[in-house]
Amino acid sequence: MGVKIHFRKHHVVLDNDIVQLTLTNPGGYVTGVKYNNVDNLLEGHNDESDRGYWDLVWSSAGNLGTTGTFERIEGTSCEVITETEDQVEISFSRTWDPTLEGKHVPLKIDKRFVLLRDSSGFYSYAIYEHLEGWPGFNLDETRIVFRLKKDKFHYMAMSDDRQRYMPFPEDRLSDRGKPLAYPEAVLLVNPVKPEFKGEVDDKYQYSCETKDLKVHGWISNDPAIGFWQITPSNEFRTGGPRKQELTSHVGPINLAMFVSAHYAGNDLVIKFGEGEQWKKVFGPVFMYLNSTSTGEDPLTLWNDAKNQMLDEVGKWPYSFPASKDFQQAHERGTITGRLFVYDRFISEENIPANGAYIGLAAPGDPGSWQRENKGYQFWSKANDEGSFSIQNILGGTYNLYAWVPGFIGDYKNPTTITITAGCEIEVGDLIYNPPRDGPTLWEIGIPDRSAAEFHIPDPDPIYTNQFLVDDPNRFRQYGLWERYATLYPDGDLVFTVGESDYKKDWFFAHVTRKKLDDGDYGKTTWMIKFKLDDVTYKNGTYKLRLALASAQVSDLQVRINDPNKDLPLFSTGIIGGDNAIARHGIHGLYWLFNIDISGTDLNSNGENTIYLTQEIEGSPFRGIMYDYIRLEGPPPSHSIGYVCM
């Protein structure tokens, strides 16, 4: 059977004899998904506008926060774009009405839904446009939401190591759950199913880096059906491959996130100036439905969904979208090359940038891609020879960026790259010279933009979620920030170079400490102790490299050998808003600070101490995560005559 479309009084139905999709007309809300003899996989008790929908959060220009007005995107016009036996594509669009300024987001939005012949699922994408003459505003968030049947979908999967039967939404209500430090986190004290008692439900425990966020969803046991959201490309997401986003969570809810401030803060809020022209296509994403034969384990649906994801990735860019704003494969380009790292203190030879993340993003400064949010980004990973190939790049002007695990800093190629239809650009051999002045005297951690290698404490037993107790997810447990005061009750962390082990002795987050007298949270100072046997070159300059994996409303101050100096040697100023500590992220946005230390400030033939103070008080979530710390000696001409113990 081919694809059919039927118009009813206030609805439109797309049907390919496998899936039947019902939407409001002209609003474009998904009210029903019929599959495998189940009349509706969505929660039919909800209002028709609260089952499957696109939404956004926006705020006035100049707003410095990350929240604003919530708005479901309701179309005012319905149009059939394509109608054949092989494909139906339908549009639900709306434009901005100047008489409603301040009441609706000033965007023209065209939501599309696509159903293909023999397809066990449906696609959705949207074109957002801001036109000349329209007022400025901030776009804080936009996404697709599906609310599935509560009495059917109880098992959630978003990775091989994070999948489980989930609590019920009722378990979060006041008679069954206890709110914790923020609304998203609830301790389950009297859940419907006793096995969940004592666990914490928090949607942020299921967040995922976008480079890995390709498929997630829910399984019903009776009948055995899976509902999955597959994202075959990240080109339309913001913030690059390490940006973390929500997936699925208790509801049962399934999300396709396109724009958010999660794990980044206001830097990832899209800010439009008055009259600024902008257009972007979000998606398509695929809502895949699958089922098993009688007697087959329903949990095998996860493996089938992963295989379908690989199939969808292989078909990208899709050939079926009818919008001229979605560029087809022949309209895109390719770039290839090799990246090497040269660090003379590691090797005299160029080192292949094995595992480097290499991408194209809007022109900017080195590292600006992690805060870039209006354009498209295209990323690849270098092989063990440093070779890379970035394919299916949209036409436009870009810079080429990279960062290399094992090395600090960001690479940016100085040449602006223009992609045109069908182009194949070979950039040849590129060399990244990471920040380096002198030889390494000591280092703490691994330069990988994460705090995962540091000490992750066991959670408080009253908050332990068993499915998170093992690596690599133990950092996702609730309340780990409170464990710092438990581990260091009488004083702050002291790390001694040559004796301490950063895997055991360096807490994963530099957080505040709860005061015993008034219950407020005060600043903390960590110490790094090290010895220099001889500081021969007193006039030399040493370099302290501080790479941060996260910052939340923090001012990191550095003092050398005297913690009581009024003025620190260095201060970051107040930085960060990624909230990764509270949201169980092991990183947020990356920061790198390079600090000069005069040899005259160091003690020869004795012990030295670096004092790291997180100065901003008042909240348990104000703090930083370190990625990597390194002390370098003076440049080679001044590096003779000292030894670090």
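Since the model is a prediction, treat every value here as computed from it, not as a measurement.

A closer look at the overall build of the chain
From N to C terminus, the chain includes 3 helices and 45 strands. Relative to the compact-globule value of 26 Å for 645 residues, the chain shows a C-alpha radius of gyration of 27 Å, a close match. In terms of its C-alpha atoms, the chain occupies a principal-axis envelope of roughly 85 × 60 × 55 Å. Out of the 645 residues belonging to the chain, those deemed buried represent 57%. For the chain, the proportion of contacts with a sequence separation of at least 24, taken over those separated by at least 6, is 70%. Element-wise, carbon and sulfur atoms account for 47% of the exposed surface of the chain, whose accessible area totals about 25,400 Å².

Concerning unusual backbone geometry
Omega for the peptide link from Asp222 to Pro223 comes to -5°, which places this bond in the cis form. Looking at where Pro223 falls in the secondary structure, it is placed in the loop between β18 (215–221) and β19 (224–230). In this model, His584 sits at a positive phi of 60°, which is unusual for a non-glycine residue. The topology assignment puts His584 in the loop between β42 (575–577) and β43 (591–598). Residue His584 is classed as buried on the basis of its relative accessible area, which comes to 2%.

Considerations on the sheet that holds strand β40 (residues 556–560)
With mixed pairing, 5 strands are arranged side by side in an open sheet as β35-β38-β44-β40-β41. The open sheet has two edge strands, β35 (494–496) and β41 (570–571), and neither has a second partner. Bridge analysis of β40 against β41 gives 2 bridges, and the strand direction is antiparallel. Across the sheet, Gln557 pairs through a bridge with Ser571, a residue of β41.

Some words on empty space enclosed by the protein
Counted under the stated rule, the structure contains 4 cavities of 30 Å³ or more. Reported here for the largest cavity is a volume of approximately 130 Å³. Considering the residues around the largest cavity, the lining is formed by 15 residues, among which Arg242, Gln370, His587, Gly588 and Leu589 are closest to the centre. Within the lining of the largest cavity, the residues separate by chemical class into 7 nonpolar, 5 polar and 3 charged. Of the pockets and cavities examined, the second largest cavity occupies roughly 60 Å³. Here the residues of the lining of the second largest cavity are counted per class, giving 8 nonpolar, 2 polar and 1 charged.

A word on the nonpolar core
In this structure, Tyr128 and Leu339 are the most contacted members of the largest nonpolar core, which totals 99 residues. Element by element, the count of residues in this core is highest for strand β24 (residues 278–291), at 8 residues.

A few points about the layout of surface pockets
Considering only enclosed or pocket space, the largest pocket measures out at about 680 Å³ in volume. Forming the walls of the largest pocket are 24 residues, and the residues nearest its centre are Pro232, Ser233, Asn234, Trp379 and Ser380. Secondary structure elements with two or more residues in the lining of the largest pocket: β28 (378–381) and β29 (387–393). The residue makeup of the lining of the largest pocket, split by class, is 8 nonpolar, 11 polar and 5 charged.

Section: the packing of aromatic side chains
The description of two aromatic rings rests on the distance between their centres and on the angle between their planes. A complete count under the given rule lists 46 aromatic pairs for this structure. Members of the aromatic cluster, each reached through a chain of ring pairs, are Trp54, Tyr123, Tyr128, Phe236, Phe258, Phe282, Phe286, Tyr288, Trp316, Tyr318, Phe320 and Phe326. A cation over an aromatic ring shows up here: Arg72 above the ring of Tyr53, its NZ or CZ 4.4 Å from the ring centre. The ring of Tyr376 has Lys280 sitting right over it, with the charged end atom 5.4 Å from the ring centre.

Let's talk about the sheet that holds strand β14 (residues 177–179)
Ordered by their spatial adjacency, 3 strands build an open sheet running β14-β15-β16, and the pairing between neighbours is antiparallel. Two strands lie at the open edges of the sheet, namely β14 and β16 (200–201), each paired on one side alone. Alignment of strand β15 (residues 186–188) against β16, held across 2 bridges, turns out to be antiparallel. By the bridge assignment, Leu187 is partnered in β16 with Val200.

Structural notes on the pairing of strand β30 (residues 396–403)
Counted residue by residue, β30 has 6 buried out of 8 residues, so it is predominantly covered. One ladder, built from 5 bridges, connects strand β27 (residues 357–361) with β30; its direction is antiparallel. Note that in β30 the partner of Tyr357 across the bridge is Trp403. Alignment of β30 against strand β32 (residues 417–419), held across 3 bridges, turns out to be antiparallel. Bridge assignment links Gly396 to a residue of β32, and that residue is Ile419. Note: β30 against strand β31 (residues 411–412), 2 bridges, orientation antiparallel. Note that in β31 the partner of Ala402 across the bridge is Tyr411.

As for the pattern of salt bridges
In total, this model carries 38 salt bridges according to the counting rule given. Ionic pairing is found between Asp55 and Arg143, a salt bridge with its closest N-O pair at 3.0 Å. Of this pair, Asp55 sits in strand β5 (residues 52–60) while Arg143 sits in strand β11 (residues 137–147), and the two are 88 residues apart along the sequence. A salt bridge links Arg545 to Glu632; its shortest N-O distance comes to 2.9 Å. One end of the pair, Arg545, is in strand β39 (residues 541–554); the other, Glu632, is in strand β45 (residues 623–632), and 87 residues separate them in sequence. On the accessibility criterion, Arg545 (3% relative accessible area) is buried. Residue classification places Glu632 among the buried positions, given a relative accessible area of 0%. Within the structure, one salt-bridge network assembled from shared partners comprises Asp437, Lys543, Arg545, Asp596, Arg630 and Glu632.

Some points on the pairing of strand β8 (residues 87–94)
Taking burial as the measure, the 8 residues of β8 include 7 buried ones, the bulk of the element. The antiparallel hairpin formed by strand β7 (residues 77–83) and β8 contains 3 residues in its connecting segment. The sheet contact formed by β8 and strand β9 (residues 108–116) spans 8 bridges and is antiparallel. Looking at β9, one finds that Glu89 is bridged to Val114.

Some remarks on helix α1 (residues 301–314)
Between its terminal C-alpha atoms α1 stretches 20 Å, which fits the 20 Å expected from 14 residues at 1.5 Å a residue. Every buried residue belonging to α1 is among Leu301, Trp302, Ala305, Gln308, Met309 and Glu312, and all of these are buried. Burial along α1 is one-sided: seen end-on, the buried residues are contained in an arc of 115°. Across α1 from its buried face, at more than 90 degrees, point the exposed residues Leu310 and Gly314. Those residues of α1 that are buried are in contact with β10 (121–130), β12 (153–159), β13 (162–165), β18, β19 and β24.

Rules behind the numbers
- Residues numbered from 1 in each chain as written.
- Predicted model: local features only at pLDDT ≥ 70, side-chain atom pairs only at ≥ 80, totals over all residues.
- Heavy atoms only, no water.
- Helix = DSSP H or I, 4+ residues; strand = E, 2+ residues; numbered from the N terminus.
- Rg over C-alpha atoms; globule rule 2.2 N^0.38 Å.
- Buried < 20%, exposed > 50% of the residue type's maximum accessible area, 1.4 Å probe, protein only.
- Contact = heavy atoms within 4.5 Å.
- Areas by Shrake-Rupley, 256 points an atom, 1.4 Å probe, with all protein chains shown as cover.
- Pairing = 2+ DSSP bridges.
- 1 Å grid on protein atoms, 1.4 Å probe; cavity = no way out; pocket = protein on both sides within 12 Å on 5 of 7 lines; lining within 4 Å.
- Points joined across faces, edges and corners; volume = space filled by probe spheres on them.
- Nonpolar A, V, L, I, M, F, W, Y, C, P; charged D, E, K, R; others polar.
- Core = buried A, V, L, I, M, F, W, Y, C linked by side-chain atoms within 4.5 Å.
- Phe/Tyr/Trp six-rings, centres within 6.5 Å; stacked < 30°, edge-to-face > 60°.
- Lys NZ or Arg CZ within 6 Å of the ring centre and 35° of its normal.
- Salt bridge = Lys/Arg side-chain N within 4 Å of Asp/Glu carboxyl O.
- Expected span 1.5 Å × (residues − 1).
- Arc of directions from axis to C-beta.

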